[in-house]
Amino acid sequence: MLDIQLIKNEPDFVKQAMLNKGEKDTSVVDLLIETDRKWREMVQRADQLRSQSNSMAKDIGKLMGQGKKDEAQKIIEQTGAMKAEIKQLEEAEKELSAERTSLLLRIPNVPHESVPVGHTEEDNQTVFTHGDTSAPEWLKPHWDFCAEKGWIDFERGVKVSGAGFPFYLGGAARLQRALINYFIDTAIGKGYTELQAPYMVNEDSARGTGQIPDKEDMMYTVPRDQFFLIPTAEVPVTNFHRNEIFEHSELPVQYVCYTPCWRREAGSYGKDVRGLNRLHQFDKVELVKFVKPSESYNALEQLREDAEYLLKELGISYRRLLMCTGDMGFTQTKKYDLEAWSPGQKRWLEVSSCSNFEGFQARRMMVRFRDENGKIETLHTLNGSGLALPRVMATILEQYQTPEGRLTVPEVLKPYFGGVSYLD
RNA sequence: GGAGAGAUGGCUGAGUGGUCGAAAGCGGCACCCUGCUAAGGUGUUAUACCCUUCCCGGGUAUCGAGGGUUCGAAUCCCUCUCUCUCCGCCA
């Protein structure tokens, strides 16, 4: 959520940001400001009354201690009406506070000034392209290639779980495991701390990163135990520090975390879901940073650079998009997408998304730091995939095919294959 | 899964209805003392929110969470969560 001060001080600025993000109705801003005003008024009245009541109770205590029961009794008689009034005010306060919070949660994050204003993916800027995007005729889409090799079993996945839950076997399984290790090892080398996290989280955590109340439909649930299966490692990793205060000397804190991810992906069908393009369960290595506000945009570029490094080293052709205001999502201020070239499908596949959230997540989760002057401030959070496995797999399974139907092991992965050069 | 014990500030740990946001110790920070080191002295040291706002300051809430009793709750009652010990089970 945004800082309420910003909304109160510059409502028009916030409204314009909402419009740029594609929200049509900005009336929530005025509604919030008005609700906030009413809430503060109620808080003041309730606090004042409680203060009175507290001092009366203290007086009673004093008189009782001195054995002046009659005088005490007189004061007690005065407290009756007050009690009822406090209760009433507290209820009103609670209601207004809930209303205020829910309005606040409906206002999206404000895009950074360097982000292009736009409405659709047409308006995203392709800021960088790396590698060639040729597509030899003999090259097969990864699903056909893997079917021949017996490397991915979608049918048995359907039998055992359902669509979107494939089995990987043999070379594909080994390739995926190697990639995971390569991603994690590289991140560790760049100063990230490896974290292994729970795959199920409780309601508070889902709320902390904003999956609920808004996006509950994206997650699988375990109703009996009130767990949510994580849709991304961002959820457990960011919540890891929920309600905590860092010392400025501890920042930045950077994690790399591999987890499977589960997404219901309700309503997505068609050619987009062919093969490994879109799954209900997939693996991802996530990079998460907690940084001082003054450093977050540098940290974003570094994060993006760290993710791109993996693609470059793997020899994968990719492009980098700077997402426009309308295509970037509710919580981000600036976001880059990295898309790998899939020569078998002749299309780009999103393999990473690197975002700065500024204080949007941290404020909601109460993650703060004590600055050089001892003042407590909201810090900034960032995250990005480094990388999402299935689409990287798809790309490699296509780009590294040989005309003889073998798969070349990418150079940087060879250490994970005992020096083997081809997978058959 | 069964039985019992417990949850207090950064940590240890007192506190069983009244001036308790909470003793004491440790740790942290500031200053003083000290030739250096070690030790010592004084003070300070939770978080959120509201008001004020240059600073200072004032108020409210919080002793695992939520509810209740009471003029008044860390303290009494109810529900939940978590931790520990023993038994059972188990990778």
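Residue numbers here run from 1 along each chain, matching the order of that chain's written sequence. Chains carry letters and ligands carry numbers; both start at the beginning, A for chains and 1 for ligands, and go up in the order they are written. Note on the predicted model: pLDDT of at least 70 is required for a residue's local features to be given, and 80 or more for side-chain atom pairs to be given and counted; whole-chain, interface and lining totals, by contrast, use all residues. Note: side-chain values were computed over all heavy atoms of the structure, leaving out hydrogens and water.

1. Remarks on the pattern of salt bridges
Working definition: two side chains of opposite charge can pair if their charged atoms are close together. Here is the rule we go by: Salt bridge, as used here, is a side-chain nitrogen of Lys or Arg placed within 4 Å of a carboxyl oxygen of Asp or Glu. The secondary structure listing takes helices from DSSP runs of H or I that are at least 4 residues long and strands from runs of E that are at least 2 residues long, numbered from the N terminus. With a 1.4 Å probe rolled over the protein chains alone, any residue whose accessible area is under 20% of its type maximum counts as buried; one over 50% counts as exposed, and the rest are partly exposed.
In this structure the tally under the stated criterion is 25 salt bridges. Across the salt bridge formed by R37 and E34, the nearest N and O atoms sit 2.8 Å from each other. One end of the pair, R37, and the other, E34, are both in helix α3 (residues 27-65), 3 residues apart, so they sit about a helical turn from each other. Using a relative accessible area of 32% as the deciding quantity, one classes E34 as partly exposed. Here E339 makes a salt bridge to R319, at a shortest N to O gap of 2.8 Å. Pair noted here: E339 is in strand β12 (residues 334-342) and R319 is in strand β11 (residues 318-322), with a separation of 20 residues, a long-range link. Overall, E339 belongs to the buried group, its relative accessible area being 12%. Bridged by salt links that share partners, the residues E301, R304, E305, E308, K312 and R320 form one connected network.

2. Some remarks on the packing of aromatic side chains
Note the threshold: Each pair of aromatic rings taken from Phe, Tyr and Trp, with Trp reduced to its six-membered ring, is defined by centres within 6.5 Å and is described as stacked if the planes are under 30 degrees apart, edge-to-face if over 60, and tilted in the remaining cases. Distance and angle both matter: a charge sits over a ring if NZ of Lys or CZ of Arg is within 6 Å of the ring centre and within 35 degrees of the ring normal.
For the structure on display, the rule yields 10 aromatic pairs. Between the aromatic rings of F145 and W151, the centroid separation amounts to 5.9 Å while the plane-to-plane angle is 90°, which identifies the pairing as edge-to-face. Through a chain of ring-to-ring contacts, the aromatic side chains of F240, F246, Y255 and F290 assemble into a single cluster. One cation-aromatic arrangement involves K190 over Y309; the distance from NZ or CZ to the ring centre is 3.9 Å. Taking NZ or CZ as reference, R304 lies 5.3 Å from the ring centre of Y336, over its face.

3. Description of the domain arrangement of chain A
For clarity, the threshold we go by: Start and end points for every domain follow an automatic or database-based domain assignment.
Taken domain by domain, chain A holds domain 1 (4-104) and domain 2 (121-423). The C-alpha centroid of domain 2 is placed 43 Å from the C-alpha centroid of domain 1.

4. Looking at the protein's contact with RNA strand B
Counted only if it meets this: By convention in this text, a residue qualifies as near a molecule or strand provided that one of its non-hydrogen atoms is within 4 Å of it. Any pair of nitrogen or oxygen atoms within 3.5 Å is treated as a polar contact; in protein, a donor-acceptor pairing is required on top of that, and neighbouring residues in sequence qualify only through side-chain atoms on both sides. Residue classes follow a fixed rule: Ala, Val, Leu, Ile, Met, Phe, Trp, Tyr, Cys and Pro count as nonpolar, while Asp, Glu, Lys and Arg count as charged, and any other residue, Gly among them, counts as polar.
Near RNA strand B, the surroundings consist of 22 residues, among which R40, D47, A57, I60 and R370 are the closest. Taking the atoms of RNA strand B that fall within 4 Å of the protein, sugar and phosphate contribute 74% of them. The separation between a sugar or linking oxygen of RNA strand B and a polar side-chain atom of S51 is 3.2 Å. Take T79: an N or O atom from its side chain is 3.3 Å from a sugar or linking oxygen of RNA strand B. Elements that contribute at least two residues to the surface near RNA strand B include exactly α3, α4 (69-104) and β14 (368-370). Sorting elements by how many residues they give to the surface near RNA strand B places α3 first, with 13 residues. Grouping the amino acids of the surface near RNA strand B by side-chain chemistry returns 9 nonpolar, 5 polar and 8 charged.

5. As for the sheet that holds strand β15 (residues 376-378)
Formally: Two strands qualify as a pair provided that DSSP identifies no fewer than 2 bridges between them. Convention adopted: a line fitted to C-alpha atoms gives each axis, helices being fitted over their contacting stretch, and angles between N-to-C directions are expressed from 0 to 180 degrees.
Spatial ordering of the open sheet is given by β8-β14-β15, a layout of 3 strands whose pairing is mixed. Looking at which strands have only one partner, the edges of the open sheet turn out to be β8 (245-247) and β15. Each strand axis lies, on average, 35° off the axis of its neighbour in the sheet, ignoring direction. Two strands pair when backbone bridges link them, and β8 and β14 are joined in this way by 3 bridges, in the parallel orientation. Residue pairing in the sheet places F246 in a bridge with F369 of β14.

6. Comments concerning the environment of V235
Counted only if it meets this: Contacts are residue-level and defined by heavy atoms, with any inter-residue pair within 4.5 Å sufficient.
With respect to the element layout, V235 can be found in helix α9 (residues 234-239). Between the C-alpha atom of V235 and that of P198, which follows or precedes it by 37 residues, the distance is 9.6 Å. For V235, the contacting residues outside a window of four places in its chain are V201, S205, T209, Q211 and I230.

7. Considering the side chain of E234
Threshold: Lys and Arg are tallied as positive, Asp and Glu as negative. Neither His nor the chain termini are counted.
Along the chain, E234 turns up in helix α9. No salt bridge forms around the buried E234; measuring N to O, its nearest opposite-charge neighbour K284 is 6.6 Å away. Separated by 2.7 Å, the side chains of E234 and Q361 make a polar contact. If sequence neighbours within four positions are ignored, E234 has contacts with T209, N239, E286, F357, Q361 and N383.

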